[in-house]
Amino acid sequence: MGTLQLEPAQSRPDLLAPPVAKALAVWPVDAPIDGDQVLVAPIDPGLADTAAFCDAYEVGLAVSANCVIVAGKRDGVPKYAACIVLATTRADVNGVVRRHLNVRKCSFAPMDDAVALTGMEYGGITPIGLPADWPILVDSRVAATPHVIVGSGVRHSKIAVAGPALGALPGAEVIEGLANPV
């Protein structure tokens, strides 16, 4: 995990967005890991973007995961979802994601909407603690990665967690081919 100074996330709510801290407090008992195995590390918020973060903290792109919020509409009703993909890939928003959400068009959610609806900071959004009715679409490569680094809900820290645990979050579905290599 590079040069990150990791510690149990449950003991550091100051490094988490409130919805993330709340979700960790009720971590699923049937998850592939215990809640205390979700780790967090402080980082420079100016280095939260993937490329800068990976370079500064010596974390490989192949273990860095991005959580992107997508939106579409069906019959005038907005639908949101989170897509978790490795930094070496890009979510197939207009193909796999659009079909999965059963919407005519799908795109990245506007930043203001993503921030307001998640209660998290842009550039730090994580699948842990998202609204309960949102699907969490996890690329199979993420779920197959022993440990990944993902946002913590804020820009001043990152979470390290087992990839299979992300695929086991409430509302999560592991999808083969969700993302394509960059």
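Everything here concerns the structure above.
Notes on the structure in this doc start here. All residue numbers refer to positions counted from 1 along the written sequence of the respective chain. Only residues with pLDDT of at least 70 are given local features in this predicted model, and only at 80 or more are side-chain atom pairs given and counted; all residues enter the totals for whole chains, interfaces and linings. No hydrogens and no water enter the side-chain calculation; it runs on all heavy atoms of the structure.

## Some thoughts on the overall build of the protein
Okay, step 1: Of the regular secondary structure elements, the protein holds six helices and eleven strands.
Okay, step 2: Summarising its shape, the C-alpha atoms of the protein cover approximately 45 × 35 × 30 Å along the three principal directions.
Okay, step 3: Counting over 182 residues, the protein shows a buried share of 48%.
Okay, step 4: Across the protein, the fraction of contacts at a sequence separation of at least 24, relative to all contacts at a separation of at least 6, is 69%. A run of H or I in DSSP becomes a helix once it reaches four residues, and a run of E becomes a strand once it reaches two; helices and strands are each numbered from the N terminus. Note on exposure labels: buried denotes an accessible area under 20% of the residue type's maximum, exposed denotes more than 50%, and partly exposed covers the range between, all computed with a 1.4 Å probe on protein chains only. By definition in these notes, contact holds between two residues if any of their heavy atoms fall within 4.5 Å.

## Some words on unusual backbone geometry
Okay, step 1: Even without being a glycine, Glu58 presents a positive backbone phi close to 55 degrees.
Okay, step 2: When you line up the elements, Glu58 lands in the loop between helix H2 (50–57) and strand E3 (65–74).
Okay, step 3: Look at Asn102: it is not a glycine, yet its phi comes out positive at around 55 degrees.
Okay, step 4: Within the secondary structure, Asn102 is located in the loop between helix H3 (93–101) and strand E6 (106–108).
Okay, step 5: Accessibility expressed as a relative area gives 44% for Asn102, which makes it partly exposed.

## A word on the pattern of salt bridges
Side-chain pairs of opposite charge can arise where the charged atoms are in close proximity.
Okay, step 1: Salt bridges are counted wherever a side-chain nitrogen of Lys or Arg sits within 4 Å of a carboxyl oxygen of Asp or Glu. In total, this model carries four salt bridges according to the counting rule given.
Okay, step 2: One salt bridge in this structure joins Asp14 and Arg12, with 2.6 Å as the shortest N-O distance.
Okay, step 3: Measuring nitrogen to oxygen at the nearest pair gives 3.4 Å for the salt bridge that ties Arg155 to Asp49. Residue Arg155 is found in the loop between strand E8 (148–151) and strand E9 (157–161), and its partner Asp49 is found in the loop between strand E2 (39–42) and H2; the two are separated by 106 residues along the sequence.
Okay, step 4: Given a relative accessible area of 46%, Asp49 falls into the partly exposed group.

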